[in-house]
Amino acid sequence: MATTAEKKTASIFTRVTPQLKEEAEEVLDQLQIPMSTALSMFLQQVVNQKRIPFEVTTRRPPLDYSSLTKEQFDREIQKGFNDFANGNTYTADEVEAELRKRRRNL
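Since this is a predicted model, take the numbers as computed values, not measurements.

Turning to helix α3 (residues 35–49), a few remarks are in order. Over its 15 residues, α3 runs 21 Å from end to end, which matches the ideal 21 Å to within 8%, given 1.5 Å per residue. Lys50, located one to two residues past α3, shows a positive phi value of around 55 degrees.

If you want it as structure tokens, here you go:
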């Protein structure tokens, strides 16, 4: 029989972007894991490992478009159109300079 302490729960409230929440829900739905369970699993691993249970980096791997659903792909394409419409673009020389800079920092 569970003790009173085991039956009690605490609430955690956090704010995330609607897109992040939606994308996480899509993955968790496929895994058949409720969001609250996934967050509890994360926190339990923080306690067990006494650290964040994954590597935290500033580098993102390139997006593998073949792994996206049609809706996710369309959303990524729309981001590109929006960037272009808002003037968020780079010249070929700017891209080349940035790539050279990144190679030096590796």
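Looking now at unusual backbone geometry. Positive phi values are uncommon outside glycine, yet Gln32 reaches one of about 60 degrees. Counting through the fold element by element, Gln32 comes out in the loop between α2 (18–31) and α3. A positive phi angle, close to 55 degrees, is found at Lys50, a residue other than glycine. Among the structural elements, Lys50 can be located in the loop between α3 and α4 (70–85). Judged by its relative accessible area of 72%, Lys50 falls in the exposed class.

Turning our attention to the environment of Ile12. Tracing the sequence through the fold places Ile12 in the loop between α1 (4–7) and α2. Judged by its relative accessible area of 64%, Ile12 is exposed. Taking the C-alpha atoms as reference, Ile12 lies 9.5 Å from Leu39; in sequence the two are 27 residues apart.

A few words now on a nonpolar patch on the surface. Judged by side-chain polarity, Ile12, Phe42, Leu43, Ile52, Phe54 and Val56 come together as a nonpolar surface patch covering roughly 570 Å² of accessible area. Relative to the helices and strands, Ile52 resides in the loop between α3 and α4.

Here we take up the packing of aromatic side chains. Going through the model one piece at a time under the given rule, you end up with two aromatic pairs. Ring geometry for Phe42 versus Phe54: centroids 6.0 Å apart, planes at 35 degrees, classification tilted. Within this pair, whereas Phe42 is found in helix α3, its partner Phe54 is found in the loop between α3 and α4, the two being separated by twelve residues in sequence. Take Phe54: its relative accessible area is 48%, and that puts it in the partly exposed class. The interplanar angle of 85 degrees and the centroid separation of 5.9 Å between the aromatic rings of Tyr65 and Phe73 together place this pair among those described as edge-to-face.

Reading the values: rules and limits
Residues numbered from 1 in each chain as written. Predicted model: local features only at pLDDT ≥ 70, side-chain atom pairs only at ≥ 80, totals over all residues. Heavy atoms only, no water. Helix = DSSP H or I, 4+ residues; strand = E, 2+ residues; numbered from the N terminus. Expected span 1.5 Å × (residues − 1). Buried < 20%, exposed > 50% of the residue type's maximum accessible area, 1.4 Å probe, protein only. Patch = residues over 30% accessible without salt bridge, like charges linked within 9 Å, V, L, I, M, F, W, Y side chains within 5 Å. Areas by Shrake-Rupley, 256 points an atom, 1.4 Å probe, with all protein chains shown as cover. Salt bridge = Lys/Arg side-chain N within 4 Å of Asp/Glu carboxyl O. Phe/Tyr/Trp six-rings, centres within 6.5 Å; stacked < 30°, edge-to-face > 60°.

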